[in-house]
Amino acid sequence: GDRVVSASIDRTCRLWDVGGGRCEFVWRGHSDEVLDACFDASGRRVASASADATARVYDASSGELAHVLEGHEGEISKVAFNPQGTRVMTASSDKTCKIWDSATGLCAQTLEGHTDEIFSCAFNY
């Protein structure tokens, strides 16, 4: 695609048009550095993960904030959509992964068992 997303220590995410070299959206709202960002498979939504212990889901067409995913007790280092775009998974320093309903922003499941912080997570494609 011709669009990419970046995440920064400046507490923002940016959506870029690579072909034109311009920034389409600057997403603010995280209160600490943004550690990860990703698109869903359709390219219609973007998710961000932050050291502020929240993740956010945005509409990549309008730039609107869709959901703030709250429930972790530590920074979130990784965020990923499932292939269908119906779930978002987050990995946190609180030693858990959470799976969220991307339509409602509600936590559907918490995965516990690691004995230290979690840096990454992925869905089975």
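Residues numbered from 1 in each chain as written. Predicted model: local features only at pLDDT ≥ 70, side-chain atom pairs only at ≥ 80, totals over all residues. Heavy atoms only, no water.

**Focus: the overall build of the chain**
- Regarding its fold elements, the chain presents zero helices and 11 strands.
- For the chain, the succession of helices and strands along the chain, N to C, is β-β-β-β-β-β-β-β-β-β-β.
- At 14 Å, the chain has a C-alpha radius of gyration in line with the 14 Å of a compact globule built from 125 residues.
- Once the C-alpha set of the chain is aligned to its principal axes, its extents read approximately 45 × 30 × 20 Å.
- Looking at the chain residue by residue over its 125 residues, the buried ones come to 42%.
- Taking the contacts inside the chain whose residues are at least 6 apart along the sequence as the reference set, 36% of them involve residues at least 24 apart.
- Of the roughly 6,500 Å² of accessible surface on the chain, a fraction of 45% belongs to carbon and sulfur atoms.
- Looking at the chain, you have 12 positive and 19 negative side-chain charges, and the mean spots of the two groups are 4 Å apart. (Helix = DSSP H or I, 4+ residues; strand = E, 2+ residues; numbered from the N terminus. Rg over C-alpha atoms; globule rule 2.2 N^0.38 Å. Buried < 20%, exposed > 50% of the residue type's maximum accessible area, 1.4 Å probe, protein only. Contact = heavy atoms within 4.5 Å. Areas by Shrake-Rupley, 256 points an atom, 1.4 Å probe, with all protein chains shown as cover. Lys, Arg positive; Asp, Glu negative; His and termini not counted. Charge placed at Lys NZ, Arg CZ, Asp CG, Glu CD.)

**Examining the packing of aromatic side chains**
- By the definition in use, this model includes two aromatic pairs.
- Ring plane angle 20 degrees and centroid distance 5.7 Å describe the contact between Phe 25 and Trp 27, whose orientation is recorded as stacked. When sorted by exposure, Phe 25 lands in the same class as Trp 27, which is buried.
- With a centroid separation of 4.4 Å and 15 degrees between ring planes, the pair formed by Trp 27 and Tyr 58 is classed as stacked. Pair noted here: Trp 27 is in strand 3 (residues 22-27) and Tyr 58 is in strand 6 (residues 54-59), with a separation of 31 residues, a long-range link. Tyr 58 carries the same exposure label as Trp 27, and that label is buried.
- An aromatic cluster of three or more residues is present, and its members are Phe 25, Trp 27 and Tyr 58. (Phe/Tyr/Trp six-rings, centres within 6.5 Å; stacked < 30°, edge-to-face > 60°.)

**Comments concerning the nonpolar core**
- Core analysis: the biggest nonpolar cluster contains 11 residues, these being Cys 38, Ala 47, Ala 49, Ala 55, Val 57, Leu 69, Ile 76, Val 79, Phe 81, Val 88 and Trp 100.
- Of all the elements in the fold, those that place two or more residues in this core are strand 5 (45-50), strand 6 and strand 8 (76-81).
- Residues in contact with Ala 49, not counting those within four places in the same chain, are Val 34, Leu 35, Asp 36, Thr 54, Ala 55, Ile 76, Ser 77, Lys 78 and Val 79.
- By size, the runner-up hydrophobic cluster in this structure holds nine residues, among which are Phe 25, Val 34, Val 46 and Tyr 58. (Core = buried A, V, L, I, M, F, W, Y, C linked by side-chain atoms within 4.5 Å.)

**Here we look at the pattern of salt bridges**
- If you walk through the whole model with that rule in mind, you get five salt bridges.
- Two residues, Arg 22 and Asp 17, come together in a salt bridge whose shortest N-O distance is 2.8 Å.
- A relative accessible area of 13% means that Asp 17 is categorised as buried.
- Residue Lys 78 pairs with Asp 36 through a salt bridge whose shortest N-O separation is 3.8 Å. Here Lys 78 is found in strand 8, whereas its partner Asp 36 is found in strand 4 (residues 34-39), with 42 residues between them in sequence. (Salt bridge = Lys/Arg side-chain N within 4 Å of Asp/Glu carboxyl O.)

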